[in-house]
Amino acid sequence: MKNKDIKILLVDDEPDILEIISYNLSAEGYEVFTAKNGVEGVAKAKKKSPHLIIMDVMMPEMDGIEACEVIRSTPGLDHTIITFLTARGEDYSQVAGFDAGADDYITKPIKPKVLVSKVKALLRRLKDDKKEVEDIVKVGEIIINREEYKIVNDGEEMVLPRKEFELLSLLTSKPNKVFKREVILDKVWGNEVVVGGRTIDVHIRKLREKIGDHHFKTVKGVGYKFVL
C-alpha cells in the first residue's frame, strides 16, 4: 500500500498541534484528516474509515479514552490502528489508554521527524496483519523457524524452550505493538493451570539474556513489546 492510499485521522483540541502534525504527515504523502474533539473525531472516523488514528486524551465534549472505546466498538473500525499522543505520561493514564483499545501511547513533546518514524512503524502493522503465518519468518536480524522451534539471532543458531519460543514468536509477530499481560498468558499458556504474572516476567528475562535486552520493552502495568 502506497502512502497516498493511507488515511490518517488526527484528533486534538490544539490547532497548532493539528497544523504541525498534519503538515509533516502530508509531506510524506499520507491523506490526512483532522478533528478538534472526541465527538468530531468519532464522526470523522465513521465517515472516513482511516487506517490510523492519532488522538489526544484530554479534549472537550468527549475525551480520547471514551472516543477510543466508541471507535473500537464501531463495526469496520475495530482493526483501525489507534495511538494516543498526549502530554499525560502517568502510568495510570497509559493503562487506561490501552484498556480502551489503543495500540500505542506516545507522550508529548515529540519532534515531528520522530513522530513520523513512529507512524511508519505503526503502519507496518497493516502489512503484518495481511501476512499469513509462515513457518520461517525474519524479523530484523532474527530468523524464527516455527516448525523446528529454532531461531537464528545475528548468525547464531539456538534452540529455545517451548514457552520462550512461543512468547518470542508472539511478540515478534507485531513489532512495536504492546501485548497486554492477559493476552500473553492466553496466547502462550492458554488454559494451563497455576500460571501467574511472574511467569511472564521470568520468561522475558530469559529472552533478554539470550536475544538482547534492547529488544524487549516493559510498559508498566500493561505488558511487553518487541522492538527492532
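That block above? That's the structure.
To keep things clear, this report deals only with the structure shown in the data block. These numbers come from a predicted model, not from an experiment. (Residues numbered from 1 in each chain as written. Predicted model: local features only at pLDDT ≥ 70, side-chain atom pairs only at ≥ 80, totals over all residues. Heavy atoms only, no water.)

## Some words on the sheet that holds strand E6 (residues 136-139)
Inclusion rule: When DSSP locates at least two bridges between a pair of strands, those strands are taken to pair. Working definition: helices are DSSP H or I runs of at least four residues, strands are E runs of at least two. Numbering for both runs from the N terminus. Fitting a line to C-alpha atoms yields each axis, with helices limited to the stretch in contact; the angle taken between N-to-C directions then spans 0 to 180 degrees. Any two residues whose heavy atoms approach within 4.5 Å at even a single point are treated as in contact.
The four strands lie next to each other as E6-E7-E8-E9, forming an open sheet whose pairing is antiparallel. Both outer strands of the open sheet, E6 and strand E9 (156-159), are each paired with one neighbouring strand and no more. On average, each strand axis in the sheet is tilted by 20° relative to the strand beside it, whichever way the strands run. Here E6 pairs with strand E7 (residues 142-145) via four bridges, running antiparallel. Opposite Val137, over in E7, you have Ile144 as the bridge partner. Where helix H6 (residues 162-173) meets the sheet, its contacts fall on E6, E7 and strand E8 (150-153), and the angle it forms with E7 comes to roughly 120°.

## What to know about the nonpolar core
Spelled out, the test is: For our purposes a nonpolar core is just a set of buried Ala, Val, Leu, Ile, Met, Phe, Trp, Tyr and Cys residues, chained together by side-chain atoms within 4.5 Å. The buried label applies to any residue whose accessible area, calculated with a 1.4 Å probe on protein chains only, is under 20% of its type's maximum; exposed applies above 50%, and partly exposed to all values in between.
Ranked by internal contacts, the top residues of the largest apolar core, which has 25 residues, are Leu9, Val11, Ile53, Met55, Cys68, Ile71 and Phe84. Among the elements of the structure, strand E1 (7-11), strand E2 (31-35), helix H2 (38-48), strand E3 (52-55), helix H3 (64-72) and strand E4 (81-86) are those that each provide at least two residues to this core. Sort the elements by how many residues they give to this core and H3 lands first, with four residues. Residues in contact with Cys68, not counting those within four places in the same chain, are Met55, Ile82, Phe84, Ala100, Gly101 and Ala102.

## Focus: the sheet that holds strand E10 (residues 179-180)
Adjacent strands of a sheet pair through backbone hydrogen bonds, lying either parallel or antiparallel. On the basis of which strands lie adjacent, the open sheet formed by three strands has the order E10-E12-E11 and antiparallel pairing. Unpaired on one side and paired on the other, E10 and strand E11 (216-219) mark the two borders of the sheet. As defined by bridge partners, E11 adjoins strand E12 (residues 223-226) across four bridges and the pair is classed as antiparallel. Counted as the bridge partner of Val219 is Gly223 from E12. The strands that H6 touches are E10, E11 and E12; relative to E12, the one it contacts most, it runs at about 70°.

## Focus on the pattern of salt bridges
Rule in force here: Counted as salt bridges are all cases of a side-chain nitrogen of Lys or Arg within 4 Å of a carboxyl oxygen of Asp or Glu.
Under the defined criterion, the tally for this structure stands at 17 salt bridges. The partner of Asp103 in a salt bridge is Arg72, and the shortest N-O contact between them spans 2.8 Å. Taken together, the residues span a long stretch of sequence, with Asp103 in the loop between helix H4 (91-99) and strand E5 (104-107) and Arg72 in helix H3 at a distance of 31 residues. With respect to class, Asp103 is no different from Arg72; both count as buried.

## Some details on empty space enclosed by the protein
To keep it simple, the criterion reads: The method works on a 1 Å grid over the protein atoms by themselves. A cavity is a set of points holding a 1.4 Å probe that cannot get out, a pocket is an open set with protein on both sides within 12 Å along at least five of seven lines, and residues with an atom within 4 Å of a point line them. Grid points are joined across faces, edges and corners, and a volume is the space filled by probe spheres set on the points. Each residue is assigned to one class: nonpolar for Ala, Val, Leu, Ile, Met, Phe, Trp, Tyr, Cys and Pro, charged for Asp, Glu, Lys and Arg, and polar for all the others, Gly among them.
Applying the stated criterion across every chain, the model contains one cavity of 30 Å³ or more. Lining the largest cavity are Leu10, Val11, Asp12, Ile17, Leu18, Ile21, Ile54, Met55, Asp56 and Leu85. Counting residues per element, the ones that place at least two in the lining of the largest cavity are E1, helix H1 (15-27) and E3. For the lining of the largest cavity, the leading source of residues is H1, giving three residues. Residues of the lining of the largest cavity, tallied by class, amount to eight nonpolar, no polar and two charged.

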